Amino acid sequence: MKPWIEGIHAYVPGKSTRADGRRLVKLSANENPLGCSASALAALATDHAPAAYPDPDATALRAAIGKQHGIDPARIVCGTGSDELLNLAAQGFAGPGDEVLFSRFSFAVYDIAARRCGATPVEAPDTDYTADVDALLAAVTQRTRVVFLANPNNPTGTYLPRAEVERLHAGLPGDALLVIDQAYAEYLEPGENDGGLDLAMAHENVLVTRTFSKIYGLAGERIGWATGTPNLIDVLNRIRGPFNVTSSGQRAALAAIADHAFLARSREANREERKRFIAAIEGLGNHGLRAIPSKANFVLVLFEGDLAAETALDAIAEAGYAVRHLPGQGLAQALRITIGTANQMDEIIGVLRSLCGEDA
């Protein structure tokens, strides 16, 4: 075994069952509680012979993505979820002796992607659970080859505005690749834009990744995409799997990206339930609960008083729900709670109020 592989802690997905095997409602994986669009379901149900390999270039899907975002399809590559593309970015541009930089409390895959290619992962300090541009730039060395930025960030839900993202890019050396992971970008308001796609259009060292796993509700099909200059896309195409996106996944994503009404409905439902949930947590502030402001479809709740996160985790599971506890990422005092339906959020709020001795 290569020595750097031994340092990898395998990614641990959110739980969906209790220790006794009882199924839980998953509010631990940031899935869309509305599922996916009816047109995507219909595309998945289409009877296609599985004997034929899928289109290796996802030609129709790249064209649809390009049309949606005003991007030349030649500057788009599709992957097995955005996870594959994040790993390929590290593999293509970093290796033993190099450094891969990201903010503390970032997506767990960044550390894995760095170690997987033999590079050294480097964590920059955050500011109240938010990426700090000055801290990231201060951590850059001559060995920095890749910088990962999740925006909105997972697992904190925090967000850097366009000016800060541009300042981060401007401060990086030209041989450092900035990867802007926009897995939750569709949950932003229509007027919100961190400028990542514009940077990827204009600069040789910016790659933007997105996914169909979150708001589109196609996590089970594993479809992601990335965009950057032709040189960057060429690197990823050279090392990706040759038939990495299934035929069913390509059909479902094509249908999903065209269903603008489902996207708007999902964004609106998330906005309203997230606002209501955060207000409920703020109402428990005198018991030490604090919600980190979120732009995504989840909220990181901090337990800074007498009520411990582990106690809340167990009580929420007893009520039938799985939420995410991340002590391995330094968040032992927090729970990441996916925004579900109104009834689901009411039950979670009720459990927390009861634990705090408040009327449910």
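Scroll up for the structure.
Residues numbered from 1 in each chain as written. Predicted model: local features only at pLDDT ≥ 70, side-chain atom pairs only at ≥ 80, totals over all residues. Heavy atoms only, no water.

## Focus on the side chain of asparagine 244
- Looking at where asparagine 244 falls in the secondary structure, it is placed in the loop between helix 8 (230–239) and helix 9 (247–258).
- Take asparagine 244: its relative accessible area is 12%, and that puts it in the buried class.
- A polar atom in the side chain of asparagine 244 sits 3.0 Å from the side chain of glutamate 84.
- Those residues in contact with asparagine 244 that sit more than four places away from it in its chain are Pro56, Cys78, Gly79, Thr80 and Glu84. (Helix = DSSP H or I, 4+ residues; strand = E, 2+ residues; numbered from the N terminus. Buried < 20%, exposed > 50% of the residue type's maximum accessible area, 1.4 Å probe, protein only. Polar contact = N/O pair within 3.5 Å; in protein donor to acceptor, adjacent residues only side chain to side chain. Contact = heavy atoms within 4.5 Å.)

## Description of the sheet that holds strand 10 (residues 224–227)
- Read across the open sheet, the seven strands follow the order 2-10-9-8-7-3-4; overall the sheet is mixed. Both outer strands of the open sheet, strand 2 (76–79) and strand 4 (120–124), are each paired with one neighbouring strand and no more. Ignoring which end each strand starts from, the neighbouring axes of this sheet average 20° apart.
- The pairing of strand 9 (residues 206–211) with strand 10 spans four bridges and is antiparallel. Bridging across to strand 10, threonine 209 finds its partner in alanine 226.
- Where helix 2 (residues 59–69) meets the sheet, its contacts fall on strand 2, strand 9 and strand 10, and the angle it forms with strand 2 comes to roughly 125°.
- On the sheet, helix 6 (residues 162–171) packs against strand 7 (144–150), strand 8 (177–181) and strand 9 and is oriented at approximately 160° with respect to strand 8. (Pairing = 2+ DSSP bridges. Axes fitted to C-alpha atoms, helices over the stretch in contact; angles between N-to-C directions.)

## Focus: the environment of phenylalanine 298
- Note on placement: phenylalanine 298 falls in strand 12 (residues 298–303).
- Relative accessible area serves as the criterion here: at 0%, phenylalanine 298 is assigned to the buried category.
- Remark: the alpha-carbon pair of phenylalanine 298 and glutamate 31, spanning 267 residues in sequence, is separated by 9.4 Å.

## Details of the environment of aspartate 175
- Along the chain, aspartate 175 falls in the loop between helix 6 and strand 8.
- Along the chain, aspartate 175 and isoleucine 257 lie 82 residues apart, while their C-alpha atoms are 34 Å from each other.
- Setting aside anything within four residues of it in sequence, one finds aspartate 175 in contact with Thr144 and Arg145.

## Some points on the pattern of salt bridges
- What the rule picks out here adds up to 20 salt bridges.
- One salt bridge connects arginine 115 with aspartate 111, and the closest N-O pair in it is separated by 2.7 Å. Of this pair, arginine 115 and aspartate 111 both sit in helix 4 (residues 109–116), four residues apart, which is roughly one turn of the helix.
- Residue arginine 115 is classed as partly exposed on the basis of its relative accessible area, which comes to 26%.
- Of the charged contacts, one joins arginine 276 and glutamate 273 as a salt bridge, the two residues approaching to 2.7 Å between their closest N and O atoms. Taken together, the residues span about one helical turn, with arginine 276 and glutamate 273 both in helix 10 (residues 260–282) at a distance of three residues.
- Using a relative accessible area of 33% as the deciding quantity, one classes arginine 276 as partly exposed. (Salt bridge = Lys/Arg side-chain N within 4 Å of Asp/Glu carboxyl O.)

## Quick notes on the pairing of strand 12
- Counting buried positions along strand 12 yields six of six residues, so the element is predominantly enclosed.
- Both faces of strand 12 are covered, namely the face carrying Phe298, Leu300 and Leu302 and the face carrying Val299, Val301 and Phe303.
- Linking two consecutive strands that pair antiparallel, namely strand 11 (residues 289–291) and strand 12, is a turn of six residues.
- Looking at chain direction, strand 12 and strand 15 (residues 331–338) are connected through five bridges and run antiparallel. Following the sheet pairing, leucine 302 is matched in strand 15 by alanine 334.

## Digging into the state of the cysteines
- Taken as a whole and judged by the stated rule, the model has zero disulfides.
- Cysteine 36 forms no disulfide, and the closest cysteine sulfur to it belongs to cysteine 78, at a distance of 18 Å.
- Owing to a relative accessible area of 14%, cysteine 36 belongs among the buried residues under this scheme. (Disulfide = S-S within 2.5 Å.)

## As for the sheet that holds strand 12
- On the basis of which strands lie adjacent, the open sheet formed by four strands has the order 11-12-15-14 and antiparallel pairing. Edge positions in the sheet fall to strand 11 and strand 14 (324–326), since each has one partner strand and no second. Pairwise comparison of adjacent strand axes, ignoring direction, gives a mean angle of 30° for this sheet.
- Here three bridges tie strand 11 to strand 12, and the two strands are oriented antiparallel to one another. Across the sheet, the residue bridging to arginine 290 is leucine 302, located in strand 12.
- Relative to strand 15, helix 11 (residues 309–318) is tilted by about 35°, and along the sheet it contacts strand 12, strand 14 and strand 15.

Any functional reading would require information beyond the geometric quantities listed.
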